[in-house]
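These are the residues of each chain, in order.
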Amino acid sequence: MPEYEFVDVYVPRGVSRQEATRLLTDHAEYGHWELDRLTLHRDGSRRVRLRRRIIRQVRATW
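Residue positions are counted from 1 within each chain, in the order its sequence is given. Where totals are concerned, whole chains, interfaces and linings use all residues; where local detail is concerned, this predicted model gives features only for residues with pLDDT of at least 70, and gives and counts side-chain atom pairs only at 80 or more. Water and hydrogen atoms play no part in the side-chain values, which are based on all heavy atoms of the structure.

Labelled according to an unreviewed UniProt entry, the protein appears under the name DUF5703 family protein, originating from Streptomyces albipurpureus.

In structure tokens:
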């Protein structure tokens, strides 16, 4: 079963949809994050949870 690490990104209500898309695209391209959950609040702000897979190195035994 894969393990993930998560980060929460808060996007205030004054940020346009296009700017929010650009912000999340940058996270995806350069940080290898993917969208896990997006919550749209009543005031127009968004809380975005991003995740990326944790790759563990297995040591070779001699």
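(A) The packing of aromatic side chains, seen in detail. Note on aromatic contacts: the rings of Phe and Tyr and the six-membered ring of Trp form a pair at centre separations within 6.5 Å, being stacked when their planes are under 30 degrees apart, edge-to-face when over 60 apart, and tilted otherwise. For the structure shown, the criterion picks out zero aromatic pairs. Here, a charge over a ring means that NZ of Lys or CZ of Arg falls within 6 Å of the ring centre while also lying within 35 degrees of the ring normal. The cationic tip of arginine 49 hangs over the ring face of phenylalanine 6; the distance from NZ or CZ to the ring centre is 5.3 Å. One Lys or Arg, arginine 51, reaches over the ring of tyrosine 4 and ends 4.2 Å from the middle of that ring.

(B) Spatial organisation of helix 1 (residues 17–31). The way it works is that DSSP assigns letters per residue, a run of H or I at least four long becomes a helix, a run of E at least two long becomes a strand, and they are numbered from the N terminus. A helix is expected to span 1.5 Å multiplied by its residue count minus one. The end-to-end C-alpha distance of helix 1 is 21 Å, a good match for the 21 Å that 15 residues give at a rise of 1.5 Å each. Immediately downstream of helix 1, the backbone of histidine 32 shows phi near 60°, a positive value.

(C) Expanded view of the sheet that holds strand 2 (residues 34–40). When DSSP finds two or more bridges between two strands, those strands count as paired. One open sheet accounts for three strands, arranged 1-3-2; its pairing is antiparallel. A single partner strand is all that each edge strand has here, and the edge strands are strand 1 (3–11) and strand 2. Neighbour to neighbour, the strand axes of the sheet diverge by 20° on average, direction disregarded. In this structure, strand 2 lies alongside strand 3 (residues 46–54), joined through six bridges in antiparallel fashion. Across the sheet, leucine 38 pairs through a bridge with valine 48, a residue of strand 3. When checking whether two residues touch, look at their non-hydrogen atoms; a contact exists if any pair is within 4.5 Å. Whenever a helix is involved, its axis is fitted only over the stretch in contact; in every case the axis is a line through C-alpha atoms, and angles between N-to-C directions fall within 0 to 180 degrees. Lying on the sheet, helix 1 is in contact with strand 1 and strand 3; it crosses strand 3 at an angle near 15°.

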